[in-house]
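# Reading the structure
The chain contents come next:
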Amino acid sequence: MAEPMSPDYFSCPLCVELLKDPVAIPCGHSFCMDCISGYWNEADYTGIYICPQCRITFTQRPVLRPNATLTKVAEKIKKTGLNLVAQAPLPAANSYAGPADVPCDYCSGKKLKAIKSCLNCLASYCEKHLKPHYESATFKRHKLVDELGNLDRKICPQHQKSLELFCRTDQMCICAICTVSEHKGHDIVSAEAERSEKQKLLGVSQSEIRQKCQQRTKELEELKTAVDSLKSSAQRAMAESKKMFDEMITSIERMRSEVTKLININERAAFGQAEGLMERLEQEIAELQKKETGLKQLYSTDDHIHFLQNFNYLCTPTDDGFVPRVSLNPDFSFGAARKAVAAIKERLEELGQEELLKISKSVNEVPVYTMQNRTRERSSRVRQDIVVDSAVPPEPKTRSEFLKYFCQLRLDPHTAYKELHLSESNRKVIRTRDLQPYSDTPERFDSFAQVLCREALSGGRFYWEIEWSGEFSMGVAYKGISRKGKGSLCLLGYNDKSWSLLCSDTGYSAWHNRVDKAISAPHSPRIGVYLDHKAGVLAFYSIGEGMTLLHRFETAFTEALYPGFGVGTSVKICQLK
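Here we summarise the structure given alongside this text. Only a predicted model underlies this, so the values are computations on that prediction, with no experimental measurement involved.

Among the 7 residues that make up strand S16 (residues 472-478), 7 are buried, leaving the element largely enclosed by the rest of the structure. Of the two faces of S16, the one holding Phe472, Met474, Val476 and Tyr478 and the one holding Ser473, Gly475 and Ala477 are both buried throughout. As judged from the 6 bridges shared by S16 and strand S17 (residues 498-504), these two strands associate in the antiparallel manner. Note that in S17 the partner of Phe472 across the bridge is Cys503. Pairing of S16 with strand S23 (residues 561-566) involves 6 bridges; the strand directions are antiparallel. Within S23, the residue paired with Ser473 across the bridge is Gly566.

See below:
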């Protein structure tokens with residue numbers, strides 16, 4: 001039985017539709033007149049004409065002759081409605097080339113995505129038009145690569161030949177004809193040889209870029225940490241300022257209430273006394289008026305006996321000492337209270353203005369960020385110079401100097417071991433035997449009674465003080481310190497990510513990376529900690545009448561540090577400002 005005729009016999013290889021005005025070319029393949037004409041019109045500038053089907057090359061543009069047989073067949077198919085081409089599967093919608101895709105150079109109309117590009121043909125092909133490269137021996141030595149765009153850039157614009165060489169003199173790609181014309185006598189090598197040399201430089205550039213990327217990523221993380229710390233610091237400052245202002249307002253309200261109460265008490269006392277005197281005066285006036293009425297009646301009576309009998313009683317002088325004479329003290333006035341309150345108001349306003357100026361000066365004069373020229377940074381790396389900034393203040397010696405760098409710390413409940421109870425706005429921690437209702441978080445220590453602070457300290461100087469009882473440890477750690485398990489990687493001072501001072505009633509010892517140093521010093525219930533992150537200094541002091549250095553670490557800190565504690569009984573972060 002004869003094989004059924006393939007629909008490909010009646011479809012144009014370029015538009016993949018039923019042949020329209022079919023023409024035959026010398027190699028025997030047929031195309032639509034418009035498809036092959038448009039295809040070869042694009043090749044006129046090269047003078048090389050290729051069959052899209054078998055890739056045979058013609059040095060002159062072939063004359064297109066209509067294929068009478070195929071024309072009759074195509075007309076018959078149209079009349080009978082037999083559409084053999086419809087039997088061929090249509091391309092999927094997502095196989096058409098989009099704006100970001102490389103289109104097939106041999107599709108006409110709506111182009112399909114190219115899946116390969118030929119460096120010999122300098123053309124890109126979809127799956128259908130790529131078949132000749134796999135099936136025909138003519139294309140056996142052609143080099144296929146993943147689809148590439150802008151293949152016209154691989155043609156010499158002057159000689160229309162492939163760019164295969166590189167001129168080192170002019171640093172540009174050239175064709176073979178260029179070597180005997182514009183680039184004659186120049187240092188010329190193959191493109192492959194030049195690529196090999198430049199690829200070595202590319203490796204160096206990649207390494208530098210990777211290093212820069214890592215450095216910038218590290219700087220970005222540090223900046224994000226600093227910004228988070230700054231944001232937390234601002235929020236804490238606002239919250240604490242609001243609290244203190246609320247307390248001051250409460251205090252002023254209490255003072256107002258006391259002054260109002262004092263005035264009311266004195267007012268009621270004065271009014272009570274005056275009301276008693278007025279009542280007595282009114283009573284005396286009433287008696288005098290009664291006597292005066294009797295005298296008038298006695299004076300006008302005609303009865304001599306009645307007159308004489310009542311004369312002595314009515315004419316008896318009144319007792320002036322019955323009610324004391326009252327006069328208002330001209331020196332007494334509640335104006336003194338008004339003046340006192342006005343004086344308090346004036347002093348508060350003056351004090352507020354002075355302190356506000358101090359706050360504004362301390363905030364505005366301290367730079368939030370410092371910028372460093374990277375060019376200067378690179379040159380300093382090459383020369384390995386050590387630059388000493390003469391403007392850096394000396395290290396503090398007295399407690400008042402240390403207090404200039406005081407920072408208020410808060411314990412982070414997300415890191416606290418479940419037997420640690422936090423109180424006093426997360427400034428105090430007590431070791432209990434009762435498990436606290438903490439949620440399980442990656443940051444929480446699950447085997448040791450330890451807790452870290454929320455603040456990330458980096459790039460500056462910091463100072464804080466601790467009150468403690470029972471054995472405990474205090475120190476600083478990188479964020480990456482382990483939190484899970486019972487190994488030494490989780491303990492403060494027992495790894496390369498932390499530094500600590502172990503304190504007990506019998507003495508002290510300093511720890512880093514499992515190396516300890518015993519310290520002989522009297523017991524002190526208060527310890528001060530000084531950190532100069534930039535200089536790599538971490539120092540512990542016992543606080544008494546003075547400050548006694550217990551231990552000093554000197555190293556190079558590479559990350560932000562988080563203060564932390566290992567709690568035996570209780571630890572309290574002191575409020576110094």
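Another aspect to go through is the pattern of salt bridges. When the charged atoms of two side chains lie near each other, side chains of opposite charge can form a pair. In total, this model carries 19 salt bridges according to the counting rule given. A salt bridge links Arg433 to Glu419; the shortest N-O distance between them is 3.6 Å. One end of the pair, Arg433, is in the loop between strand S13 (428-431) and strand S14 (450-452); the other, Glu419, is in the loop between helix H8 (399-402) and strand S12 (420-423), with 14 residues separating them in the sequence. When the shortest N-O distance is used, the salt bridge between Arg526 and Glu467 registers 2.5 Å. Of this pair, Arg526 sits in strand S20 (residues 526-532) while Glu467 sits in strand S15 (residues 461-469); the two residues are 59 residues apart in sequence, bridging distant segments of the chain. Glu467 sits in the partly exposed class, given a relative accessible area of 32%. Here the salt bridges share partners, and the residues they tie into one network are Arg399, Glu465, Glu467 and Arg526.

On to unusual backbone geometry. Despite not being glycine, Asp21 shows a phi value in the positive range, around 50°. Structurally, Asp21 is set in the segment before strand S1 (22-24). Here Arg514, not a glycine, exhibits a phi torsion of approximately 70°, which is positive. In this fold, Arg514 is placed in the loop between strand S18 (507-512) and strand S19 (515-519).

So, on to a nonpolar patch on the surface. A surface patch of nonpolar side chains, amounting to about 310 Å² of accessible area, comprises Ile252, Met255, Ile344 and Leu348. At the level of secondary structure, the elements contributing two or more residues to the nonpolar patch comprise helix H4 (191-300) and helix H6 (335-364). Looking at the secondary structure, you find Ile344 in helix H6. Residue classification places Ile344 among the partly exposed residues on the basis of a relative accessible area of 33%.

Ordered in space as S2-S1-S5, the 3 strands form an open sheet in which the pairing is antiparallel. At either end of the open sheet lies a strand with only one pairing partner, and these are strand S2 (30-32) and strand S5 (65-66). By the bridge criterion, 3 bridges tie S1 to S2 in an arrangement that is antiparallel. Its bridge partner lying in S2, Pro22 is registered against Cys32. Against the sheet, helix H1 (residues 33-41) makes contact with S1 and S2, and its axis sits at roughly 90° relative to S2, the strand it touches most.

In terms of residue burial, helix H5 (residues 304-314) counts as a barely covered element, since only 1 of its 11 residues are buried. Where H5 begins, the capping side chain belongs to Asp303, and its oxygen is found 3.1 Å from the backbone nitrogen of Ile305.

Counting across every chain of the model gives 0 disulfides. In this structure Cys407 is a free cysteine whose sulfur lies 8.5 Å from that of Cys453, the closest cysteine sulfur available. On the accessibility criterion, Cys407 (15% relative accessible area) is buried.

Attention shifts here to the nonpolar core. Judged by nonpolar contacts, the single largest core of 40 residues is most densely connected at Trp464, Met474, Leu501, Leu538 and Phe565. If we skip the residues at most four places from it in the chain, Leu538 touches Val476, Trp499, Val529, Tyr530, Leu531, His551, Arg552, Phe553 and Phe557.

With their axes 10 Å apart at the nearest point, H4 and H5 run at an angle of 155° to one another. As far as their axial angle goes, H5 and H4 are roughly antiparallel. Crossing of H4 against H5: the hand is left-handed. Contacts between H4 and H5 involve Lys291, Gly294, Leu295 and Leu298 from the first element and His306, Phe307, Asn310, Phe311, Tyr313 and Leu314 from the second. Considered class by class, the residues forming the contact of H4 with H5 number 6 nonpolar, 3 polar and 1 charged.

Extensive coverage of S18 is indicated by the burial of 5 of its 6 residues. Examined bridge by bridge, S17 and S18 share 6 bridges and lie antiparallel to one another. In the strand pairing of S18, Ser504 is matched with Gly507. Bridge count between S18 and S19: 5 bridges; the pairing is antiparallel. Residue Ser509 lies in a different strand from S19, and its bridge partner there is Ala518.

Here we come to the sheet that holds strand S8 (residues 144-146). With antiparallel pairing, 3 strands are arranged side by side in an open sheet as S7-S6-S8. One side of each edge strand has no neighbouring strand; the edge strands of this open sheet are strand S7 (123-125) and S8. On average, each strand axis in the sheet is inclined to that of its neighbour by 35°, with strand direction left out of account. Of the strand pairs in this sheet, strand S6 (residues 116-118) and S8 are connected by 3 bridges, and their pairing is antiparallel. The residue of S8 that forms the bridge with Lys116 is Asp146.

Calculation rules
- Residues numbered from 1 in each chain as written.
- Predicted model: local features only at pLDDT ≥ 70, side-chain atom pairs only at ≥ 80, totals over all residues.
- Heavy atoms only, no water.
- Buried < 20%, exposed > 50% of the residue type's maximum accessible area, 1.4 Å probe, protein only.
- Helix = DSSP H or I, 4+ residues; strand = E, 2+ residues; numbered from the N terminus.
- Pairing = 2+ DSSP bridges.
- Salt bridge = Lys/Arg side-chain N within 4 Å of Asp/Glu carboxyl O.
- Patch = residues over 30% accessible without salt bridge, like charges linked within 9 Å, V, L, I, M, F, W, Y side chains within 5 Å.
- Areas by Shrake-Rupley, 256 points an atom, 1.4 Å probe, with all protein chains shown as cover.
- Contact = heavy atoms within 4.5 Å.
- Axes fitted to C-alpha atoms, helices over the stretch in contact; angles between N-to-C directions.
- Polar contact = N/O pair within 3.5 Å; in protein donor to acceptor, adjacent residues only side chain to side chain.
- Disulfide = S-S within 2.5 Å.
- Core = buried A, V, L, I, M, F, W, Y, C linked by side-chain atoms within 4.5 Å.
- Parallel < 35°, antiparallel > 145°, perpendicular 65-115°, else oblique.
- Left-handed = near helix turned anticlockwise from the far one by under 90°.
- Nonpolar A, V, L, I, M, F, W, Y, C, P; charged D, E, K, R; others polar.

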